[in-house]
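Residue-level structure breakdown
For reference, the chains in residue letters:
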Amino acid sequence: MADRTSGKTGGCGAEGALRFEFTLARRIVSNTAASPGHQIIGLCAEPGLGGSKFIEELKAGFAREKLPVRFRNFGAQEPERATRTLVRFSNGTVAEASAPRAVVFLEGLPPSDEAHVQRQVRAIRKVAEGCAAVVVAVLPEAEQLLEELEEAVTLTTADLAMDLRTTLEARPGGRTLVRVTRGVQPLVECLAACGWKEGLGPLPPAYYKRCGVAAGKMLRDTLSPDEQMIRAFMVLVGKGSLAGAASALGLYAEDYAYDLMRLAPLLGVSADLSTYDAVGSDDPQVLSACLGAVRDVGRAGEVAAPKAMRLLAQRGDFLRASLVAEAAEPAVVHDLVLRYSSGFLNAGKWQLVRDALADVDAVAGLDPDHVRLVRHALLALTRPSSRPSQHPGPPSGKAQRLDDAALCLFLEARGAQARIAHFDGAAGDVGPVGRGLVLHLRALSLVGKGRFSDAIALMGSSPDADVGGVASLLLAQDRAFCLLALGEVESAASAMEGAEALASSLGCRGMSSSLGALRCAVRLVAGVSMRGEEVASAALACEKCENVLGRMLALGVGVLRDLRVGNDAQASLRGRLLARIASQAGRGYARDLSRVVCALAAARAGSRFDFGPDPWSCEDVGVLAEVVTAALSGEGVPIVSPSPPSSVMWLIVPLVRDLGDVSSLLREQVPSEWRARAAELEERWETAELPCFAPAATPGASASLSLVDDPGRHRVEVCLLGTFSMRVGGRLVADGRLDRRDARTVLEFLLLKDKMSAQRYEVIAQVWPEDNMEKGASRLYQATTAIRGAVKEIDPTLDVFSVSKAQKSLALDPSLVSCDVDEFEAQAKLALERCDPATTIRAARRAEELYGGDLCRPTVDASGLISARRVELRSLYVDALVAGADAALQTGRDGLAVSFGREAVCADDMREDAFMAYMRALKASGRGAEASAEYEKYARRVVRVRKLPPSRELRDLASRSMGFSAKERYERRKLLVEDAREVEVLPLVPLDAERLLMEG
């Protein structure tokens, strides 16, 4: 094949676009012109894969050679009529003697029975006797005709593709072009017309659209059902053994392998007919573009899709399996998702798992314990405020044994964020996801002993570190923490960025607290030389986190600040709290550090310091204790190794710098190598270029224990978004404590009223509408007493009510009580002001963090206030996310815009402005095929519910993304309107269906 250009080598229009010619066409033309005899050329090509272009080039070549060209197209004719027409044409050709060197093209002869084929063969041979050449082009279904023409030179689709591949591979970067096109002419032409440079930049949306068209031609209705089925299966799976594909479908590979290799180059069947590697096997967007063609196949696609999904799940390719799920029956999908739930959870396919749990009654043969494990794991990974509870052990059945083991490891890995697991067992048969989680637990065990370098080496040398998904997210978080503890602040910040990007792509909100804690810890360690309230606020923010790693690190840095500013009593209190948390978590390293800092605080206060009789769990901390003892007691220079103890260097830096007289004593005692290493780290920290993290704030939606009396902080904090919780002075009120006497319902009603105040009759009408005023007043008194009692159990000095019983109104004290709803509304409205993109993004991200879920439902809502506020807050949440997505697009942060848009659509899948923001973000990030697939699902949903197509603005945006012409847009709108007239309107799914599912 030769390529030629019209002035330029690329471009998007017809002019300047790179064009290709088939070298086979040129050779056939030259041979025919030079040969005195006649020949028959057969072309058996799949429709839409380059056969038409090849015929056009043949005609153009013969015309250049001054050979007369005659052609006849038999398309859409019945076999009998086509045969009669061909016979008459052959008789007329023989009768003509004026053009003995003519070339005749016979196209589109239909599949026929043997009698008609024999008549057609005789007619073709008669035509060939009076011409220079006859070109017979048929579909593979009519290949029997070419087989009977033994003298014919037959070309197939694979020959045309090989012709193009040979020339493409000779070009610079041509191998990439071959890989994404397989030499199929329409795909090559599409990329050339779009100006795509080989190997540079994302593939254009038009390419994915063309892949979908090619897949539809390859799965055409004229094929046998079995052939449709095996082709659809290969498209869905992507790559594998041909024998395995046929076996999964109950077919024999030998019956199809040779024809698939010759006729379907997009399926990539190997020359030895053993394996296949379909186009887009490594690109999910290609699969998304082809799903519509598979769905249109009908019964063959319905059979192939679940079998392909099962095979992909068995392989561990859950990302591709989740895409295939769109083409399979829901009942089959839910069964597979629940049986391979750990893999789908690891891939971040939360909605698939939720849908499967909602339909769990329709799945037979599942152990109830297995379903509970799935439910607990889903909650642990998707709810920011959820705490991994005591989960049941693996069920006795063997059907889900592997999945149950991985699910238990998921819960253990998430539980290790609150307590260390003494995991010393072998990985066993837990699959790749389970092995990645086991690696995470082993790394945490090393971290608990202060062996940070060993933990990094373990994660770096293990092949299980690249399992992907949530397991890789946990390992990325472990690596960031270890680097931070070793003083590698810049590397830790870079690892932190990677972990946050992965968490954003997965939508793993259950990791938000631990990631937020580490983000604060990076700022803390990098800013330990800072003075004033900046360190205090960062430490407090990190201390509020329920993640034990970040909390202990924050306490340690907070102790150093207290020592630096002379608050020895506060330092001692923090140190004791650190020791208690470390002991409960089994962290010997942190417990040892707390003993050292408590001793320093006691010495600074003039008290007797004592490390206690317990041995040191971490050797490095023991060495540091010897130096501290020598400095504080004046017993002389200790004999220690000159090699700096890597696991405590982050602590030695402030000890020898910021503690005044104590630092002077320590500098005299430590070896010079230690001082040099401390100076080096200090200089690196001061010059480190850290990413622009958001200002330190509470990482989760709820507060935690604080050791500093901050007058600007509310002493009673109530969380109503997602799950209900109340904290007094940072301590959580026990679950169920406010469920008695309708206390929680009264409290929620007051919190949502203006200025947290309501008339007593309003409260009674809201909570006890069936009671009279006298009985209601008595029950209201009991409820307020229960609220006061829950608060006073923790802080006897507090009274959250600002009025007495004798007054007609009931109000909470706004100076003492705060609610997450108020902060969420403030941040969401700030985002809607759209002052500047940076402010809008920060406000939208904060609103997203605060919105842990819909407003909690009380047991009674007689006035409807709670329900109305619930809808209002969800709408405000979506508005803020849309504003954030628009601001992110303005600043070029396309990935963040996609994340905002996806969350907005998940919150309300019928909001058109939210979906448009999601579409714009996908298009800007080069994910046009995904945008097209999402639009198709949204359009069908809108038509089903509203019986109307989407708005013109959205249709135009989608059409531009998919590259449709004006005529195509008009035809698609007609189809949507027709669907809207035919479909029955289905009831809307309740907006809180997911929460009801989880609570059930």
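A few points on the structure. (Residues numbered from 1 in each chain as written. Predicted model: local features only at pLDDT ≥ 70, side-chain atom pairs only at ≥ 80, totals over all residues. Heavy atoms only, no water.)

1. Focus on the overall build of the chain
Broken down by element type, the chain carries 45 helices and 15 strands. Taking the intrachain contacts of the chain between residues at least 6 apart in sequence as the baseline, contacts between residues at least 24 apart amount to 69%. About 42,800 Å² of surface is accessible on the chain, with carbon and sulfur atoms providing 51% of the total. (Helix = DSSP H or I, 4+ residues; strand = E, 2+ residues; numbered from the N terminus. Contact = heavy atoms within 4.5 Å. Areas by Shrake-Rupley, 256 points an atom, 1.4 Å probe, with all protein chains shown as cover.)

2. Notes on the sheet that holds strand β7 (residues 153–156)
On the basis of which strands lie adjacent, the open sheet formed by five strands has the order β4-β5-β6-β3-β7 and parallel pairing. In this open sheet, the two strands that pair with only one neighbour each are β4 (69–73) and β7. In this sheet, neighbouring strand axes are inclined to one another by 15 degrees on average, regardless of whether the strands run parallel or antiparallel. As paired strands, strand β3 (residues 39–44) and strand β6 (residues 133–138) are joined by six bridges and run parallel to one another. (Pairing = 2+ DSSP bridges. Axes fitted to C-alpha atoms, helices over the stretch in contact; angles between N-to-C directions.)

3. Re the side chain of Glu825
Along the chain, the position of Glu825 falls in helix α37 (residues 820–833). Ignoring sequence-local partners within four residues, the contact set of Glu825 consists of Arg869, Glu872, Leu873 and Leu876.

4. Describing the environment of Asp879
The residue Asp879 is located in helix α39 (residues 865–890) in this model. Sequence spacing of Asp879 and Arg911 is 32 residues, and the spatial spacing of their C-alpha atoms is 9.8 Å.

5. Quick notes on helix α13 (residues 284–296)
Along an α-helix, residues three or four positions apart point the same way, because every turn accommodates 3.6 residues. A rise of 1.5 Å per residue sets the reference length of α13, with its 13 residues, at 18 Å; its end C-alpha atoms lie 19 Å apart and thus fit the reference within 8%. Looking at α13, one finds that the buried residues are Gln285, Val286, Leu287, Ser288, Cys290, Leu291, Ala293 and Val294. Buried residues along α13 sit in contact with α9 (205–218), α10 (225–237), α14 (299–315), α15 (318–324) and α42 (928–946). Where α13 begins, one side-chain oxygen reaches toward the backbone nitrogen of Gln285, 3.0 Å away; that side chain belongs to Asp283. Immediately beyond the C-terminal end of α13, within one or two residues, lies Gly298, with a positive phi of roughly 90 degrees. (Expected span 1.5 Å × (residues − 1). Buried < 20%, exposed > 50% of the residue type's maximum accessible area, 1.4 Å probe, protein only. Polar contact = N/O pair within 3.5 Å; in protein donor to acceptor, adjacent residues only side chain to side chain.)

6. Let's talk about the packing of aromatic side chains
Applying the stated criterion across every chain yields a total of nine aromatic pairs. Between Phe452 and Phe481, the ring centres sit 6.1 Å apart and the planes meet at 70 degrees, which makes this aromatic pair edge-to-face. Of the two residues, Phe452 is situated in helix α22 (residues 452–461) and Phe481 in helix α23 (residues 469–485); the sequence distance between them amounts to 29 residues. Phe481 matches Phe452 in its accessibility class, with the two residues each being buried. Each ring, one from Tyr851 and one from Tyr877, has its centre 4.1 Å from the other, and the planes form 10 degrees; the classification is stacked. With Tyr851 in the loop between α38 (837–850) and α39 and Tyr877 in helix α39, this pair connects stretches of sequence that are 26 residues apart. Considered together, Tyr851 and Tyr877 belong to a single accessibility category, that of buried residues. Following the ring pairs from residue to residue traces out a cluster consisting of Phe824, Tyr851 and Tyr877. We note Lys59 situated over the ring of Phe71; from NZ or CZ to the ring centre the distance is 4.4 Å. (Phe/Tyr/Trp six-rings, centres within 6.5 Å; stacked < 30°, edge-to-face > 60°. Lys NZ or Arg CZ within 6 Å of the ring centre and 35° of its normal.)

7. Overview of the pattern of salt bridges
All chains considered together, the criterion is met by 32 salt bridges. Between Arg339 and Asp335 there is a salt bridge whose closest N-O contact spans 3.0 Å. Taken together, the residues Arg339 and Asp335, both in helix α16 (residues 330–339) and four residues apart, mark about one turn of the helix. Overall, Asp335 belongs to the buried group, its relative accessible area being 17%. Note that Asp742 and Arg779 form a salt bridge whose closest N and O atoms lie 3.8 Å from each other. Placement of the pair is Asp742 in the loop between β12 (731–732) and α34 (743–752) and Arg779 in helix α36 (residues 773–792), with a sequence separation of 37 residues. Salt bridges sharing partners connect three or more residues here, namely Glu46, Glu141, Arg220, Glu227 and Arg231. (Salt bridge = Lys/Arg side-chain N within 4 Å of Asp/Glu carboxyl O.)

8. Considering the nonpolar core
Counting residues in hydrophobic clusters, the biggest one holds 94 residues, and the most contacted among them are Tyr207 and Met309. Every residue in contact with Met309, bar those within four places of it in the chain, is listed here: Ala321, Val324, Ala325, Val333, Leu336, Val337 and Phe344. If you look at the next biggest cluster of nonpolar residues, it comprises 82 residues, including Ala743, Val763, Leu876 and Tyr918. (Core = buried A, V, L, I, M, F, W, Y, C linked by side-chain atoms within 4.5 Å.)

9. Re the packing of α38 against helix α40 (residues 894–907)
At a closest axis distance of 12 Å, the pairing of α38 and α40 adopts a crossing angle of 45 degrees. Between α38 and α40, the angle falls in the class oblique. Crossing hand, α38 versus α40: left-handed. Contact with α38, carried on its side by Ile841, Ala844, Arg845 and Glu848, involves Leu896, Phe900 and Glu903 of α40 and no other residues of that element. A class-by-class count of the residues in the contact of α38 with α40 yields four nonpolar, no polar and three charged. (Parallel < 35°, antiparallel > 145°, perpendicular 65-115°, else oblique. Left-handed = near helix turned anticlockwise from the far one by under 90°. Nonpolar A, V, L, I, M, F, W, Y, C, P; charged D, E, K, R; others polar.)

10. Observations concerning the sheet that holds strand β15 (residues 817–819)
Taking strand neighbours across the sheet as the criterion, the four strands line up as β12-β11-β10-β15 in an open arrangement whose pairing is mixed. Looking at strand neighbours, the two that pair on one side only are β12 and β15, the edges of this open sheet. Sheet analysis places strand β11 (residues 725–728) next to β12, joined by two bridges and oriented antiparallel. Residue pairing for β12: Val728 is matched across the bridge by Arg731.

11. Let's talk about the environment of Gly926
Here Gly926 lies in the loop between α41 (912–924) and α42. Taking C-alpha positions, Gly926 is 6.3 Å from Pro202, a pair spaced 724 residues apart along the chain. Aside from chain neighbours lying at most four places away, what touches Gly926 is Pro202 and Gln285.

12. A closer look at unusual backbone geometry
Although it is not a glycine, Leu273 sits at a positive phi angle of roughly 65 degrees. Within the secondary structure layout, Leu273 lies in the loop between α12 (257–263) and β9 (275–277). Using a relative accessible area of 30% as the deciding quantity, one classes Leu273 as partly exposed. Unusually for a residue other than glycine, Asp742 sits at a positive phi of about 60 degrees.

13. Some points on a negative patch on the surface
There is a patch of like negative charges on the surface, built from Asp113, Glu114, Glu147, Glu148 and Glu150. With respect to the element layout, Asp113 can be found in the loop between β5 (103–107) and α4 (114–129). (Patch = residues over 30% accessible without salt bridge, like charges linked within 9 Å, V, L, I, M, F, W, Y side chains within 5 Å. Lys, Arg positive; Asp, Glu negative; His and termini not counted. Charge placed at Lys NZ, Arg CZ, Asp CG, Glu CD.)

14. Section: the packing of α10 against α13
The interhelical angle for the contact between α10 and α13, taken along N-to-C directions, is 160 degrees, at an axis separation of 10 Å. It follows from the interaxial angle that α10 and α13 lie roughly antiparallel. Crossing hand, α10 versus α13: left-handed. Contacts from Ala232, Val235 and Leu236 in α10 reach Leu287, Cys290, Leu291 and Val294 in α13. Counted by class, the contact of α10 with α13 contains seven nonpolar, no polar and no charged residues.

15. A few points about helix α32 (residues 661–669)
Residues of α32 that are buried include every one of Val662, Ser663, Leu666 and Gln669, and no others. Down the axis of α32, the sector holding all buried residues measures 120 degrees, keeping them to one side. The exposed residues of α32 that point more than 90 degrees off its buried face are Asp661 and Glu668. Along its buried surface, α32 packs onto α29 (588–604), α30 (619–633) and α31 (649–655). (Arc of directions from axis to C-beta.)

16. Quick notes on the environment of Phe105
Checked against the element boundaries, Phe105 lands in strand β5. As for Phe105 and Val135, which are separated by 30 residues in sequence, their C-alpha atoms are 4.8 Å apart.

17. A look at the pairing of β3
The element β3 is extensively covered by neighbouring structure, given that five of its six residues are classed as buried. Pairing geometry for β3 and β7, over four bridges, is parallel. Within β7, the position partnered with Ile41 by the bridge is Val153.

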